[in-house]
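Observations on chain architecture
Listed here are the chains, written in short residue letters.
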Amino acid sequence: MDIEIIEMAERKVSFVLKNSTPAMANALRRTILTDISKMAIDKVEFHLGPIMVDGKEYESITPLFDEIVAHRLGMVPVPTDLQLFVPQDDCVCGGEGCPSCTIMYSLNKIGPCTVLSGDLIPLGSPDLKVKDEFIPIVELADDQAALIYTIATMGTAKTHVKWQVANGVGYKYEPIVKIDSGKCKRCEKCLSECPKKVFSGDDKKITVANPLNCSLCESCHAFCPHKAISVEADEKNFVFKFETDGSLSAEDVLKKAVSLLSEQAKTLGKLVESI
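Report on the accompanying structure.

Rules used in this analysis
Residues numbered from 1 in each chain as written. Predicted model: local features only at pLDDT ≥ 70, side-chain atom pairs only at ≥ 80, totals over all residues. Heavy atoms only, no water. Helix = DSSP H or I, 4+ residues; strand = E, 2+ residues; numbered from the N terminus. Rg over C-alpha atoms; globule rule 2.2 N^0.38 Å. Buried < 20%, exposed > 50% of the residue type's maximum accessible area, 1.4 Å probe, protein only. Contact = heavy atoms within 4.5 Å. Areas by Shrake-Rupley, 256 points an atom, 1.4 Å probe, with all protein chains shown as cover. Lys, Arg positive; Asp, Glu negative; His and termini not counted. Charge placed at Lys NZ, Arg CZ, Asp CG, Glu CD. Axes fitted to C-alpha atoms, helices over the stretch in contact; angles between N-to-C directions. Parallel < 35°, antiparallel > 145°, perpendicular 65-115°, else oblique. Left-handed = near helix turned anticlockwise from the far one by under 90°.

Thoughts on the overall build of the protein chain
Within the protein chain, the regular secondary structure consists of five helices and 14 strands. Computed over its C-alpha atoms, the radius of gyration of the protein chain comes to 26 Å, more than 25% above the 19 Å expected for a compact globule of 275 residues. Counting only C-alpha atoms and orienting by the principal axes, one finds that the protein chain spans roughly 85 × 60 × 30 Å. Across the 275 residues that make up the protein chain, the buried fraction comes to 38%. If you take every contact in the protein chain between residues at least 6 apart in sequence, the share linking residues at least 24 apart comes to 70%. In the structure as shown, the protein chain presents an accessible area of about 15,500 Å², 52% of it carried by carbon and sulfur atoms. Each charge class in the protein chain was averaged separately, 31 positive and 39 negative side chains, and the resulting centres sit 11 Å apart.

Points about the packing of helix H1 (residues 22-34) against helix H5 (residues 250-274)
For the pair H1 and H5, interaxial distance at closest approach is 9 Å and the crossing angle is 120°. If you check the angle between H1 and H5, you find them oblique. Helix-helix and strand crossings are classified by hand; for H1 and H5 the assignment is right-handed. Across from Met24, Ala27, Leu28, Thr31 and Ile32 in H1, the residues of H5 making contact are Val253, Ala257, Leu260 and Leu261.

Focus on the side chain of Ser117
By the secondary structure assignment, Ser117 is in the loop between strand S7 (113-116) and strand S8 (121-122). We classify Ser117 as buried; its relative accessible area is 0%. Once you skip the residues sitting within four places of it in the chain, Ser117 turns out to touch Val76, Val130, Asp132, Glu133, Phe134, Ile135 and Ile137.

Okay, here's the thing in structure tokens:
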């Protein structure tokens, strides 16, 4: 099994999984979706009662139920360093909470304003400040305030979707698109009918310019009056793509997923040998 990178950006990646099987491709997809650990806000403490700011009294309350605000805070992507943080159950602190397994944030805003994710201030390294700073959390009216403390911990999407780092994880068979130059009359039907703009051409020649864009819909074959185009699926190669929420880079997610699959395969091999 080999991986050939097509595009690698901070939050998205596309690649070809070569010399593999549908079972392995689906295992990789499920690992990316559910098995990658990340930090997410898991505990939220709301200060209740009046707050004095510059001689003016504000009531620490929001128009939304606390549960809704807590849920929104939990869905905010939290920066994660897999080399630094560990799940609380595996931490030397025994789950009590320490810099190795938790991140604390404070939020202190007075109305009228829109409370944003960027208002979360990390109680520690400034590198832990959330990257998406403009996610709206709640609207505060005049005389309203929000004084909130939160704790982020490690988890996986098997427990809750707030710990899901990747989205849009999908794959398809690698398309094999060919043009029979002997049959092709350069009618350019394929150029207009292909929804994925796979083909390119001029007065001299029609070429397969973007074969990986092909969705295997076979519109080109159906509309070609000379049946000069053939479309097949390579069942050993798979075109993957996914995006992350920013908690981890796409490269880190892919490397971690491959590492987890490798560890699980070794564990399974040892169990089989012990039978």
